[in-house]
Amino acid sequence: MGNTEKEHILSEIISTQSRPDYEAFETMWMAMTKMAGVYEIDRQRMDRLFAKISEEEIKRLLKDRSVDSLIFLDPPLETLLADPEEKPDENSIMRIIAKLRSSRDSDFRESLANLGVVLKRIRERLHHDFKKESGCGDHEVLSSARKILYLLSILVVSKLE
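In this text the structure is predicted, and so the values were computed from the model without any measurement.

(A) Structural view of the layout of surface pockets. Put simply, the largest pocket is a space of about 190 Å³. Lining the largest pocket are 13 residues, with Arg 43, Asn 91, Ile 96, Val 117 and Lys 120 sitting closest to its centre. When residues of the lining of the largest pocket are traced back to their parent elements, those giving at least two are helix H3 (43-50), helix H7 (93-103) and helix H8 (108-126). Per-class residue counts for the lining of the largest pocket are three nonpolar, two polar and eight charged. Taken as a whole, the second largest pocket spans an internal volume of roughly 170 Å³. Lining the second largest pocket, in full, are Met 35, Ala 36, Arg 45, Arg 48, Leu 49, Lys 52, Val 156, Lys 159 and Leu 160. Listing elements by their share of the lining of the second largest pocket, those giving two or more residues are helix H2 (21-36) and H3. Of all the elements, H3 adds the most residues to the lining of the second largest pocket, at three residues. For the lining of the second largest pocket, the per-class residue count stands at five nonpolar, no polar and four charged.

Have a look at this one:
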């Protein structure tokens, strides 16, 4: 990725500071997809994006207050993100959030990957439920997710070559 494109992405990320939560989140998500070189980010591409982030940087991100605000939300985040038809299997949002809560002090890379999955689920729900910012817990979810995605985007763009 050239310096001009990297600077453009960084400019897009920084410009989100004055936008509403849902708009800022969407802009940053699109910046992440540009950095991944795809339209939609899957787990493998997410892992590649996050690979250059140091363990120390991951620890700092996972300890940020916005992560606590998101994963210890009241009502619980899983009740806001879970599909009513979703079964509590290994890939369910309930399990992913539980793994994120339990392993963020020990398995940093896995926790970051799980946080990425949570952010992706929030993005999927963005167009359906959160854009109005009026539902129970929606504002808190978007506010925290926006802060996390901002920190994560800045980290990822700083690692681009």
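Now that the structure has been shown, the text picks up again.
(B) Inspection of H3 at higher detail. Considered for burial, the residues of H3 that qualify are Met 46, Leu 49 and Phe 50. In an axial view of H3, the angular spread of the buried residues amounts to 90 degrees, which keeps them on one side of the axis. Those residues of H3 that are exposed and angled more than 90 degrees off the buried face are Gln 44 and Arg 48. Residue Asp 42 occupies the N-cap position of H3, its side-chain oxygen lying 3.3 Å from the main-chain nitrogen of Gln 44.

(C) Expanded view of empty space enclosed by the protein. Here the structure, examined in full by the defined rule, presents one cavity of 30 Å³ or more. Contributing to the lining of the largest cavity are Trp 29, Met 32, Ile 41, Met 46, Leu 49, Phe 50, Gly 116 and Leu 152. Looking at the lining of the largest cavity, the elements that each hand over two or more residues are H2 and H3. If one sorts the elements of the lining of the largest cavity by residue count, H3 sits on top with three residues. Considering only residue class, the lining of the largest cavity consists of seven nonpolar, one polar and no charged.

(D) Up close: the pattern of salt bridges. Under the criterion given, the structure shown has 14 salt bridges. The partner of Arg 43 in a salt bridge is Glu 110, with the nearest N and O atoms 3.1 Å apart. Here Arg 43, found in helix H3, pairs with Glu 110, found in helix H8; they are 67 residues apart in sequence, far enough to count as distant. With relative accessibility at 34%, the residue Arg 43 sits in the partly exposed group. Among the salt bridges present, the one from Lys 63 reaches Asp 105, with a minimum N-O distance of 2.9 Å. One end of the pair, Lys 63, is in the loop between helix H4 (55-62) and helix H5 (65-71); the other, Asp 105, is in the loop between H7 and H8, and 42 residues separate them in sequence. For the pair Lys 63 and Asp 105, one class covers both residues: exposed. Here the salt bridges share partners, and the residues they tie into one network are Arg 43, Asp 47 and Glu 110.

Rules behind the numbers
Residues numbered from 1 in each chain as written. Predicted model: local features only at pLDDT ≥ 70, side-chain atom pairs only at ≥ 80, totals over all residues. Heavy atoms only, no water. 1 Å grid on protein atoms, 1.4 Å probe; cavity = no way out; pocket = protein on both sides within 12 Å on 5 of 7 lines; lining within 4 Å. Points joined across faces, edges and corners; volume = space filled by probe spheres on them. Helix = DSSP H or I, 4+ residues; strand = E, 2+ residues; numbered from the N terminus. Nonpolar A, V, L, I, M, F, W, Y, C, P; charged D, E, K, R; others polar. Buried < 20%, exposed > 50% of the residue type's maximum accessible area, 1.4 Å probe, protein only. Arc of directions from axis to C-beta. Polar contact = N/O pair within 3.5 Å; in protein donor to acceptor, adjacent residues only side chain to side chain. Salt bridge = Lys/Arg side-chain N within 4 Å of Asp/Glu carboxyl O.

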